[in-house]
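Structural features, examined
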Amino acid sequence: VGHCHPDIVKAAHEQNQLLNTNSRYLHDNLVDYAERLSKTLPEKLCIFYFLNSGSEANDLALRLARQYTEHEDVIVLDHAYHGHLTSLIDISPYKFRNLEGQKEWVHVAPVPDTYRGLYREDHENSVTAYADEVKNIIEHAHRRGRKIAAFFAESLPSVGGQIIPPAGYFQKVAEHVHKAGGVFIADEIQVGFGRVGKHFWAFQLQGEDFIPDIVTMGKPIGNGHPLACVATTKEIAEAFAATGVEYFNTFGGNPVSCAVGLAVLDVIEKEHLQAHATEVGNFLMKILKEQQNKHPIIGDVRGCGLFIGVDLVKDQAE
C-alpha cells in the first residue's frame, strides 16, 4: 500500500504506545484481525495462525499437511521458490538444484506454462495434460511406496516467470491430490491481497469452485512490517492440535502486528487498491503489447492486475 503509508505508521505507533506482548496474553486485535481476514476468504478457511514471515508460514503449512495426512511427500512446481528455511529450500527447485539436490520425498511437476512449457497454447487440452503430469507423479510415488502429503504451489508462479496457470488446472490437480490423501497448499505470499486486481486472492482466478486446503500469506500482509499468516480448515487445525504440542510463536499475532494488518486491509479498501491494480495493470499490459508488436525480442506479454511478465526471446518460432 506504499512506503511508510501514514495510516500504517499511525496504527503501529499508537498500539506500540499501549501494549505489545505475545499471543498467550489475550488481545482484541488478534481476534478482530482474524475475523476481518476471514471475510476475504472462502468460509471453510476459518482457522488462522499468525507468524512473522512467509517462510515461517510455508514451514507451518508443511507441518499442518503432514500432521493431517500422516504422509511425508510433497509435489512442487519446477522453478518454485517457497522460502529460506531448510524445510523450504528442500521444496524449492529454484534453490535445491544449486545446493544439495532433490530429496526423495520431493516430486517436481512441470510448470503449467502455456507459452514456454511442455504443453502450449496450440495443445488441444493443456489443462488436463498438465494435471495428468501430477497424476503420473502420484502414481509413480505410490509404486515406490511413497505417500503424498501435499501439492504445494504459488497460485501464480512468480520466480518461475510470472506464469498464469490455465483456469481449471488447480481443480484437476486438487482432485488427484485429494484422491491420494494429500492436501492442496496455495502460496499467496507474493500474489495475494488484491495484486491481481479482479480478485483478492490469486487462487480465485481459477474459479469459484476451487478452494485450497491451506493458504499462506506474507509480504504485503503487513506492508513491510514482519507479519504472515496461515489460513486453513477446522479439520486440519484439529489434527494439528491433537498432537498436544501447541503452536506458539512469540511475536506472531502480537497486538502491534495485528493493528498493522488491520490498517493494511483498511487502506486497500479505502483507496480502492484492487480496482487500481486492475486499471493500472490493464494500462501497462496495453502498452507492453504495443511494444510486443514492434519488437521481435518480446515473445510474450502476460499478466493479471499488477502481476505482469514480459518474456524475452531470441527466436519467436523456437
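Please read these numbers as outputs of a predicted model, since none were measured by experiment.

Observations concerning the side chain of His 71
The topology assignment puts His 71 in the loop between α3 (54–69) and β2 (73–77). What makes His 71 buried here is its relative accessible area of 17%. Here the side chain of His 71 touches Ile 148 through a polar contact of 2.8 Å, landing on its backbone oxygen. In this structure His 71 touches Arg 66, Lys 147, Ile 148, Ala 149, Ala 180 and Gly 181, once residues within four positions along its chain are discounted.

As for the side chain of Gln 15
Within the secondary structure layout, Gln 15 lies in helix α1 (residues 6–18). Not counting chain neighbours up to four residues away, the residues in contact with Gln 15 comprise His 27, Asn 29, Pro 255, Val 256 and Ala 259.

Notes on the environment of Gly 194
You can see Gly 194 is positioned in the loop between β5 (183–187) and β6 (214–217). Judged by its relative accessible area of 4%, Gly 194 is buried. For the pair Gly 194 and Gly 305, spaced 111 residues apart in sequence, the C-alpha separation works out to 8.3 Å. Not counting residues within four places of it along the chain, the set of residues in contact with Gly 194 comprises His 199, Phe 200, Gln 274 and Ala 277.

A word on the packing of α3 against helix α8 (residues 234–241)
It is at 8 Å that the axes of α3 and α8 come closest, and there the two elements cross at 85°. As judged from the angle between their axes, α3 and α8 are roughly perpendicular. Residue-level inspection shows Leu 60, Arg 63, Leu 64, Gln 67 and Tyr 68 of α3 in contact with α8, the latter providing Glu 235, Ile 236, Ala 239 and Phe 240. Of the residues in the contact of α3 with α8, the class split is six nonpolar, one polar and two charged.

Side note on the nonpolar core
Nonpolar side chains in soluble globular proteins tend to be buried together. Within the largest apolar cluster, 53 residues are counted, with the highest numbers of intra-cluster contacts made by Tyr 33, Leu 37, Val 134, Phe 151, Tyr 169, Phe 193 and Met 217. The element contributing the most residues to this core is helix α9 (residues 255–270), with nine residues. Not counting the four nearest positions on each side in its chain, Met 217 is found in contact with Leu 37, Leu 41, Gly 54, Ala 57, Ile 189, Phe 193, Trp 201, Ala 228, Cys 229 and Ala 231. Counting residues in each nonpolar core, the second largest holds 25 residues, with Leu 51, Leu 62, Ile 185 and Ala 237 among its members.

Description of the sheet that holds strand β3 (residues 106–109)
Pairing in this open sheet of seven strands is mixed, and the strands run β1-β7-β6-β5-β4-β2-β3 from one edge to the other. Since the sheet does not close on itself, it has two edges, and those belong to β1 (47–51) and β3, each with one partner. Taking each pair of neighbouring strands and ignoring which way they run, the sheet shows an average axis angle of 20°. Alignment of β2 against β3, held across four bridges, turns out to be parallel.

Parameters at a glance
- Residues numbered from 1 in each chain as written.
- Predicted model: local features only at pLDDT ≥ 70, side-chain atom pairs only at ≥ 80, totals over all residues.
- Heavy atoms only, no water.
- Helix = DSSP H or I, 4+ residues; strand = E, 2+ residues; numbered from the N terminus.
- Buried < 20%, exposed > 50% of the residue type's maximum accessible area, 1.4 Å probe, protein only.
- Polar contact = N/O pair within 3.5 Å; in protein donor to acceptor, adjacent residues only side chain to side chain.
- Contact = heavy atoms within 4.5 Å.
- Axes fitted to C-alpha atoms, helices over the stretch in contact; angles between N-to-C directions.
- Parallel < 35°, antiparallel > 145°, perpendicular 65-115°, else oblique.
- Nonpolar A, V, L, I, M, F, W, Y, C, P; charged D, E, K, R; others polar.
- Core = buried A, V, L, I, M, F, W, Y, C linked by side-chain atoms within 4.5 Å.
- Pairing = 2+ DSSP bridges.

Shape descriptors only; they carry no functional weight alone.
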